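Architecture and fold: a report
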Amino acid sequence: MRLKAALAVLIAFAFLYQTALADDASQTNQNANSEPSTAKNWEFSLAPYLWAASVKGDLTVNGIKVDADQSFSDTLDNLDIGFMFHFEGIRKQRWGFFADLMYIRLDPDDESTPFGDIGIDYEETLAELGGFHRWTIEDHAIDALGGYRYSHMKTELKLPPGFPNVDKNESWLDPFFGARWIWRMTDKWGLRLRGDFGGFGIGSDSTWNAIGLITFKPWKHVGFGGGYRVLYQDYSTGSGRNRFSYDATMYGPILGLDITW
C-alpha cells in the first residue's frame with residue numbers, strides 16, 4: 001500500500017510539472033512580442049516555527065489503551081528534543097510545492113493504573129509533501145493544494161513488574177486535499193487560512209487540518225507569523241493484542257519566522 005502511495009505521489013507531481021511547463025510555454029508565446037517580464041521565475045520561503053500543541057485523545061498499543069491527553073506545558077516538561085520547519089517554493093506565482101517537518105521526542109511521567117505504574121517513551125514525526133496551484137485577484141490569492149502527510153510514532157510502554165514491556169513502531173501515509181487563502185491586508189500585514197482533509201481509509205480512516213495565521217513582514221526578506229493550528233487523526237490497524245490505534249487531536253497556538261528569497 002505504501003509503495004502504491006509513493007508511486008501515486010510521483011505520478012501526481014509529474015503531472016503538475018508537465019502542466020506547469022505547458023502553461024509556461026503558452027504564456028511565453030503570448031508574450032513573445034511584448035517586453036520581458038521582470039518577475040522572478042522562482043520564489044522561496046523557509047519558516048522555522050513552534051507549535052505549542054496540546055493533545056486530546058486515546059492511544060492503543062498492542063491492545064493496551066492509554067489516555068493520550070497532554071497539555072503543551074506537559075510537553076515542555078517532558079520534551080527531550082524537537083524541531084519544526086516549513087519550506088515552499090512557487091514558480092511565477094502560479095505553480096508551487098511545499099514541505100513541512102515536525103519531530104518531537106517525549107519522556108512523560110509514569111501513568112498510574114490499577115495494575116501499577118506505566119512508563120511511556122514517545123517519538124512522533126509528521127512530514128508533509130505537496131503541491132499547489134495559485135489564482136491571484138488583486139490583494140487575494142487562493143491556492144488549491146494536495147499532497148501526502150507521513151506520520152510515524154514510536155511508543156515504548158514500561159509495564160508493571162510481571163508484565164513484558166511493549167515497544168511499538170507504527171507509520172502511515174495520508175493523502176489530503178485542501179485550499180489556502182492569502183490576503184495581503186497592507187504592505188506589512190497579512191492573513192493566511194488553510195484547511196485540508198484526507199486519509200480516506202488509505203492511511204487514517206479520516207484526518208483534517210486547519211491553520212489560521214496573522215503575518216507581519218517589517219523587512220523585505222524577513223517576516224513573522226502567529227496563529228492557531230488543529231490537526232485530527234484517526235488511525236488504527238490490527239486487532240486484539242496486535243491492535244494499534246491513534247484517535248487524537250493536536251491543537252494550539254503557532255509562532256514562526258518567515259525568510260523569503
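Residues numbered from 1 in each chain as written. Predicted model: local features only at pLDDT ≥ 70, side-chain atom pairs only at ≥ 80, totals over all residues. Heavy atoms only, no water.

Our focus in this paragraph is the overall build of the protein. Helix and strand counts for the protein come out as 2 helices and 13 strands. The buried share of the protein, reckoned over its 261 residues, is 41%. Long-range contacts, defined here as pairs at least 24 residues apart, represent 61% of the contacts in the protein between residues at least 6 apart. Entry remark: accessible area of the protein is about 14,700 Å², with carbon and sulfur atoms responsible for 61%. (Helix = DSSP H or I, 4+ residues; strand = E, 2+ residues; numbered from the N terminus. Buried < 20%, exposed > 50% of the residue type's maximum accessible area, 1.4 Å probe, protein only. Contact = heavy atoms within 4.5 Å. Areas by Shrake-Rupley, 256 points an atom, 1.4 Å probe, with all protein chains shown as cover.)

So, about unusual backbone geometry. Its identity as a non-glycine residue notwithstanding, Gln-93 has a phi of 55°, on the positive side. Phi angles above zero are rare outside glycine, and Phe-200 is one such case at about 55°. By secondary structure assignment, the location of Phe-200 is in the loop between β10 (189-198) and β11 (206-216).

Attention now moves to a nonpolar patch on the surface. A contiguous nonpolar patch, built from Trp-135, Ile-142, Trp-181, Trp-183, Met-185, Trp-189, Leu-193 and Ile-214 and spanning about 740 Å² of accessible area, is present on the exposed surface. Of all elements in the fold, only β9 (166-184) and β10 reach the threshold of two or more residues within the nonpolar patch. Positionally, Trp-189 belongs in strand β10. Accessibility expressed as a relative area gives 42% for Trp-189, which makes it partly exposed. (Patch = residues over 30% accessible without salt bridge, like charges linked within 9 Å, V, L, I, M, F, W, Y side chains within 5 Å. Salt bridge = Lys/Arg side-chain N within 4 Å of Asp/Glu carboxyl O.)

With that settled, consider the environment of Tyr-150. In this fold, Tyr-150 is placed in strand β8 (residues 140-158). Of the residues examined, Tyr-150 reaches a relative accessible area of 32% and is grouped as partly exposed. Here the alpha-carbon distance between Tyr-150 and Thr-125, two residues 25 residues apart in the chain, equals 7.7 Å. Setting aside residues up to four positions removed in sequence, Tyr-150 forms contacts with Thr-125, Leu-126, Ala-127, Ser-171, Trp-172 and Leu-173.

What follows concerns the confidence of the model for the protein. On average, residues of the protein score 83 in pLDDT, and 78% of them reach the 70 mark or higher. Segment residues 1-38: pLDDT under 50, and 20 contacts once partners within four positions in sequence are set aside and those in other chains are kept. (pLDDT = per-residue confidence, 0-100.)

All right, on to the packing of aromatic side chains then. In total, this model carries 17 aromatic pairs according to the counting rule given. Pairing Trp-42 with Phe-44 gives two aromatic rings, centres 5.7 Å apart and planes at 10°, and the pair type is stacked. Of the residues examined, Trp-42 reaches a relative accessible area of 35% and is grouped as partly exposed. Note on Phe-44: relative accessible area 24%, which makes it partly exposed. (Phe/Tyr/Trp six-rings, centres within 6.5 Å; stacked < 30°, edge-to-face > 60°.)

What follows deals with the pattern of salt bridges. All told, the structure shown has 11 salt bridges when counted by the stated rule. Two residues, Asp-69 and Lys-56, come together in a salt bridge whose shortest N-O distance is 3.7 Å. Residue Asp-69 is found in the loop between β3 (64-67) and α2 (72-78), and its partner Lys-56 is found in strand β2 (residues 54-61); the two are separated by 13 residues along the sequence. Looking at Lys-56, the relative accessible area reads 51%, which means it is exposed. Close ionic contact of Glu-128 with Arg-149 constitutes a salt bridge, the shortest N to O distance being 3.0 Å. Of this pair, Glu-128 sits in strand β7 (residues 116-137) while Arg-149 sits in strand β8, and the two are 21 residues apart along the sequence. Glu-128 sits in the buried class, given a relative accessible area of 7%. Each of the salt bridges in this network shares a partner with another, and the network as a whole consists of Glu-128, Arg-149, Arg-194, Asp-196 and Arg-229.

Along any regular strand, the residues point their side chains to alternate faces of the sheet. As paired elements, strand β1 (residues 42-51) and strand β4 (residues 79-91) share 7 bridges and run antiparallel to each other. Bridge pairing links Leu-46 to Phe-87 in β4. Bridge count between β1 and strand β13 (residues 244-260): 5 bridges; the pairing is antiparallel. Its bridge partner lying in β13, Trp-51 is registered against Ile-254. (Pairing = 2+ DSSP bridges.)

With that settled, the discussion passes to the side chain of Arg-180. You can see Arg-180 is positioned in strand β9. Look at Arg-180 and you get buried, because its relative accessible area is 10%. With sequence-adjacent residues up to four places away left out, Arg-180 is seen in contact with Glu-88, Phe-132, Arg-134, Ala-141, Ile-142, Asp-143, Leu-145, Arg-192, Leu-193 and Arg-194.

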